[in-house]
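As a plain string of letters, each chain reads:
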Amino acid sequence: MTAYVITRVDVTDPDQYEKYKALSPAAVAESGGRFIVRGGESVTLEGPEETRRLVVLEFPDVDSATAFYDSEKYRHARDVRAGAAEFQMVVVEGV
């Protein structure tokens, strides 16, 4: 069943974060994923205003999503991202 990785990001070092952004697509694609949302304009419809960058990835299943997160390529991207952003990343199974 399709799975989605939902990420909320507070970028603290934009220059370093750009380096991370350049590395992450290869890691996503390697595990069969694709970007659905990558930090475009957003409007909060209900609740506290969301000011963080939002990213949504689609994977064939939860196992593929966790394989992406644990992959060598993404571990390297995470190392590059260290200190550049505060992250919340969740994987959820689709319907």
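Just so it is clear, the structure is predicted and the values come from calculations on it, not from any experiment.

Asker: Go over the packing of helix H1 (residues 14–30) against helix H3 (residues 72–81) with me, naming the residues and quoting the values.
Answerer: With their axes 8 Å apart at the nearest point, H1 and H3 run at an angle of 170 degrees to one another. Taken together, the axes of H1 and H3 lie roughly antiparallel to each other. Crossing angle aside, the handedness with which H1 passes H3 is left-handed. Contacts between H1 and H3 involve Gln-16, Tyr-17, Lys-19, Tyr-20, Leu-23, Ser-24, Ala-26, Ala-27 and Glu-30 from the first element and Lys-73, Tyr-74, His-76, Ala-77, Arg-78, Val-80 and Arg-81 from the second. Split into classes, the residues belonging to the contact of H1 with H3 amount to eight nonpolar, three polar and five charged.

Asker: Hey, could you go over the nonpolar core for me, with residue numbers and the actual values?
Answerer: One finds Tyr-17, Leu-57, Phe-59, Phe-68 and Tyr-74 to be the most contacted residues of the largest nonpolar core, which totals 15 residues. Mapped onto this core, the elements with two or more residues apiece are strand S1 (3–11), H1, strand S3 (53–59), helix H2 (62–70) and H3. Broken down by element, this core gets its largest block of residues, four residues, from H1. Other than its neighbours up to four places away in sequence, Phe-68 contacts Ala-27, Val-28, Ser-31, Leu-57, Phe-59, Tyr-74 and Met-89.

Asker: So what about the environment of Met-89? Which residues, and what values?
Answerer: Its location among the elements puts Met-89 in strand S4 (residues 85–93). Here Met-89 falls in the partly exposed class, since its relative accessible area comes to 27%. Between the alpha carbons of Met-89 and Ala-65 there is a distance of 11 Å; along the sequence they are 24 residues apart. Among residues more than four places away in sequence, those in contact with Met-89 are Val-5, Ile-6, Thr-7, Phe-68, Tyr-69 and Tyr-74.

About the criteria used
Residues numbered from 1 in each chain as written. Predicted model: local features only at pLDDT ≥ 70, side-chain atom pairs only at ≥ 80, totals over all residues. Heavy atoms only, no water. Axes fitted to C-alpha atoms, helices over the stretch in contact; angles between N-to-C directions. Helix = DSSP H or I, 4+ residues; strand = E, 2+ residues; numbered from the N terminus. Parallel < 35°, antiparallel > 145°, perpendicular 65-115°, else oblique. Left-handed = near helix turned anticlockwise from the far one by under 90°. Contact = heavy atoms within 4.5 Å. Nonpolar A, V, L, I, M, F, W, Y, C, P; charged D, E, K, R; others polar. Core = buried A, V, L, I, M, F, W, Y, C linked by side-chain atoms within 4.5 Å. Buried < 20%, exposed > 50% of the residue type's maximum accessible area, 1.4 Å probe, protein only.

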